Amino acid sequence: RWQSVILINPKGFSERTSKVAGSFETVYQFLPLLVQGFLFSKSEGALLKCLSDSEGPESSKWNIFLKDGKSFRRIASQSSRPDEDELELALYNNVASSNPVIKGMKSVKSKVDEMFSK
């Protein structure tokens, strides 16, 4: 069941009421993402920052999510809002970490390192 939400756009205030607009704090910032992948594939994701009473604005993190089936999976988190390059890097790192070829290469490398360390 959905909870009630009141959204206020501070840009809609006139100069006369700008003091009121300046007194509001952003609690959630949500940015949906549509990622153009390789060979015309597309993935959905989101960028989310949530402030809570226990954390100050400086300690809350920006979370990068990627849609995985019907749910979203967090793939990265950082303290500053990610720019385009940082989003791209997080997505590439996610693809690389789930790539079976790269996993196989890491496994072979660890076996070789283990053999030569004895």
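Being a predicted model, the structure only gives us computed values, none of them experimental.

(A) Spatial organisation of the pairing of strand β2 (residues 42–50). Here strand β1 (residues 28–36) pairs with β2 via nine bridges, running antiparallel. Counted as the bridge partner of Tyr28 is Cys50 from β2. Bridge count between β2 and strand β3 (residues 62–68): five bridges; the pairing is antiparallel. In the strand pairing of β3, Ala46 is matched with Phe65.

(B) Structural context of the sheet that holds β1. Taken together, four strands build an open sheet; the order of strands is β1-β2-β3-β4 and the sheet is antiparallel. At either margin of the open sheet sits one strand with a lone partner, and together these are β1 and β4 (71–78). Adjacent strand axes in the sheet meet at a mean angle of 25° when their direction is disregarded. Lying over the sheet, helix α2 (residues 84–97) contacts β1, β2, β3 and β4, oriented at roughly 120° with respect to β4.

(C) Quick peek at the confidence of the model for the protein. The pLDDT averaged across the protein works out to 76; a share of 67% of its residues lies at or above 70. Across the protein, the element-wise mean pLDDT spans from 66 in helix α1 (residues 18–22) up to 90 in β4.

(D) Here's a closer look at the environment of Phe65. Its place among the elements puts Phe65 in strand β3. Residues Phe65 and Glu44, 21 residues apart in the sequence, show an inter-C-alpha distance of 8.6 Å. Those residues in contact with Phe65 that sit more than four places away from it in its chain are Gly45, Ala46, Leu48, Phe72, Arg73 and Arg74.

(E) Fine view of the nonpolar core. Core analysis: the largest hydrophobic core is formed by ten residues, namely Leu33, Val35, Leu47, Trp62, Ile64, Leu66, Ile75, Leu87, Ala90 and Leu91. Breaking this core down by element, the ones donating at least two residues are β1, β3 and α2. Among all residues touching Ile64, those that are not within four sequence positions of it are Ala46, Leu47, Arg73, Arg74, Ile75, Ala76, Pro82, Leu87 and Ala90.

(F) Layout of the pattern of salt bridges. Enumeration over the complete set of coordinates arrives at three salt bridges. Between Glu44 and Lys67 there is a salt bridge; the shortest N-O distance is 3.9 Å. Pair noted here: Glu44 is in strand β2 and Lys67 is in strand β3, with a separation of 23 residues, a long-range link. Taking the relative accessible area as the measure of exposure, Glu44 reaches 42% and is therefore partly exposed. The exposure class of Lys67 is partly exposed, given its relative accessible area of 34%. Note that Asp113 is salt-bridged to Lys109, the shortest N-O span being 2.8 Å. Taken together, the positions of Asp113 and Lys109, both in helix α3 (residues 100–117) and four residues apart, correspond to about one turn of that helix. On the basis of relative accessibility, which here comes to 42%, the residue Asp113 falls in the partly exposed class.

What counts and how
Residues numbered from 1 in each chain as written. Predicted model: local features only at pLDDT ≥ 70, side-chain atom pairs only at ≥ 80, totals over all residues. Heavy atoms only, no water. Pairing = 2+ DSSP bridges. Helix = DSSP H or I, 4+ residues; strand = E, 2+ residues; numbered from the N terminus. Axes fitted to C-alpha atoms, helices over the stretch in contact; angles between N-to-C directions. Contact = heavy atoms within 4.5 Å. pLDDT = per-residue confidence, 0-100. Core = buried A, V, L, I, M, F, W, Y, C linked by side-chain atoms within 4.5 Å. Buried < 20%, exposed > 50% of the residue type's maximum accessible area, 1.4 Å probe, protein only. Salt bridge = Lys/Arg side-chain N within 4 Å of Asp/Glu carboxyl O.

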